[in-house]
Amino acid sequence: MTIIRPKKSLGQHFLKDLGIAKRIAQTLSAYRGLPVLEVGPGTGVLTRFLLDEGHDLSVVEIDRASIAYLERHLPELAGRIYEEDFLQMNLNGLYDGKFCITGNYPYYISSQIFFKALDYREQVACCTGMIQKEVAERLAARPGSRASGILSSLIQPWFDVEYLFTVDENVFDPPPKVKSAVVRLTRNARISLGCDESLYRRVVKTSFNRRRKTLRNSMLPLLGKECRYLELPIFNLRPEQLSIEQFTELTLITDKHLKETAL
């Protein structure tokens, strides 16, 4: 009998609670008509329930030992296992249309996985999975909350984020030192931010670099002390207080200032 041991270098914490695995699989019940890509299936605990749910499932796994285990124990995955690093994977052309992403994600790359989904937002209809509880809280944070930050401000314009449930440490092998949570990101109807999207990202990241300061101080690296717009009311706020619409407003102000000073 082959025993797969979790690799610390890959941030592996294998889920052993079948009830939790089933609940994660059910987060995609409304998307049975769409292909599903599972990231980091490990020993296939979640994979089995995704197959039982009737999903058109493929998996991406970087660990060769896990791949060999899946090939032996889940022959229905034949031809559907990608031996790749998901973060480096080109998802264009992987599916003809929209698809979903799910997994029990390694903590150290969970934010990057959601940013990857963001890059492919015109194809990703839904992204669910288990991550560190603290990251889940930041991802789902509403404007005005202390957990609001770069992650929520960049993801929420394009995805509706739900914090679904908390998961205890003892359902993993080995148990992590922190609690986990399951989240669901559903692509919303937004087509455009109404501003330069790359500048929006710069504005969000710049403002949160000094998150305890008002925008009048935190935006200085982009605007400079001589910016004539710094007396506007929006600059009295701290970044975590801003809604998506207010970040868009701040981006338009920044864009206007940068174009004026470039003349």
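Fair warning: this is a prediction, and the values are worked out from it, not measured in the lab.

Focus on the packing of helix α7 (residues 197-208) against helix α10 (residues 244-262)
- Following both chains from N to C, one finds α7 and α10 inclined at 105°, their axes separated by 9 Å at the closest point. Between α7 and α10, the angle is such that the two are roughly perpendicular. When α7 is examined against α10, the residues Leu199, Tyr200, Val203, Val204, Ser207 and Phe208 are found in contact with a partner set consisting of Ile244, Phe247, Thr248, Leu250, Thr251, Thr254, Asp255 and Leu258.

Here's the deal with the pairing of strand β3 (residues 56-60)
- Counted residue by residue, β3 has four buried out of five residues, so it is predominantly covered.
- One ladder, built from five bridges, connects strand β2 (residues 35-39) with β3; its direction is parallel. Across the sheet, the residue bridging to Leu37 is Ser58, located in β3.
- Considered for its hand, the β-α-β crossover made up of β2, helix α2 (residues 45-52) and β3 is right-handed.
- Summarising the sheet, β3 and strand β4 (residues 81-82) pair through two bridges and their orientation is parallel. Of the residues in β4, the one forming a bridge with Val60 is Tyr82.

Description of the pattern of salt bridges
- Taken as a whole and judged by the stated rule, the model has 17 salt bridges.
- The closest approach of N and O atoms between Arg121 and Glu122, which form a salt bridge, is 3.8 Å.
- Judged by relative accessible area, which is 14%, Arg121 ranks as buried.
- Among the ionic pairs, Glu134 bridges to Arg138, the shortest N-O distance being 3.6 Å. Of this pair, Glu134 and Arg138 are both found in helix α5 (residues 133-140), four residues apart, which corresponds to roughly one turn of the helix.
- Since its relative accessible area comes to 46%, Glu134 is described here as partly exposed.

A short note on the side chain of Glu53
- If you trace the backbone, Glu53 turns up in the loop between α2 and β3.
- Of the residues examined, Glu53 reaches a relative accessible area of 15% and is grouped as buried.
- Among the polar contacts made by the side chain of Glu53, one reaches the side chain of Ser29 at a distance of 3.1 Å.
- Setting aside anything within four residues of it in sequence, one finds Glu53 in contact with Ala25, Gln26, Ser29 and Arg32.

Quick word on helix α1 (residues 18-26)
- Taken together, the buried positions of α1 are occupied by Ile20, Ala21, Ile24 and Ala25. Projected down its long axis, α1 carries its buried residues within an arc of 140°, all on one side.
- Its side-chain oxygen placed 2.9 Å from the backbone nitrogen of Gly19, Asp17 serves as the N-cap of α1.

Comments concerning the state of the cysteines
- The final tally for this structure, using the stated rule, is zero disulfides.
- Note on Cys126: no disulfide assigned, nearest cysteine sulfur contributed by Cys100 at a separation of 5.2 Å.
- Looking at Cys127, it has no disulfide partner, and the nearest cysteine sulfur is the one in Cys126, 7.2 Å off.

Looking at the sheet that holds β2
- If you trace the seven strands from one edge of the open sheet to the other, you get β4-β3-β2-β5-β6-β9-β7, paired in mixed fashion. The open sheet terminates on both sides in strands that have one partner only, identified here as β4 and β7 (159-167).
- Relative to the sheet, α5 contacts β6 (124-132), β7 and β9 (180-187), its axis offset from that of β6 by approximately 140°.

Let's talk about the packing of aromatic side chains
- Within this structure, the stated rule accounts for four aromatic pairs.
- Aromatic side chains Tyr95 and Phe99 sit 4.8 Å apart centroid to centroid with 35° between the ring planes, which places their arrangement in the tilted category. For the pair Tyr95 and Phe99, one class covers both residues: buried.
- When the centroid spacing of 6.2 Å and the interplanar angle of 70° are considered together, the rings of Tyr200 and Phe247 count as edge-to-face. Within this pair, whereas Tyr200 is found in helix α7, its partner Phe247 is found in helix α10, the two being separated by 47 residues in sequence. Both residues of the pair, Tyr200 and Phe247, count as buried.

Reading guide: rules and limits
- Residues numbered from 1 in each chain as written.
- Predicted model: local features only at pLDDT ≥ 70, side-chain atom pairs only at ≥ 80, totals over all residues.
- Heavy atoms only, no water.
- Axes fitted to C-alpha atoms, helices over the stretch in contact; angles between N-to-C directions.
- Helix = DSSP H or I, 4+ residues; strand = E, 2+ residues; numbered from the N terminus.
- Parallel < 35°, antiparallel > 145°, perpendicular 65-115°, else oblique.
- Contact = heavy atoms within 4.5 Å.
- Buried < 20%, exposed > 50% of the residue type's maximum accessible area, 1.4 Å probe, protein only.
- Pairing = 2+ DSSP bridges.
- Right-handed = clockwise from strand over helix to strand, strands pointing away.
- Salt bridge = Lys/Arg side-chain N within 4 Å of Asp/Glu carboxyl O.
- Polar contact = N/O pair within 3.5 Å; in protein donor to acceptor, adjacent residues only side chain to side chain.
- Arc of directions from axis to C-beta.
- Disulfide = S-S within 2.5 Å.
- Phe/Tyr/Trp six-rings, centres within 6.5 Å; stacked < 30°, edge-to-face > 60°.

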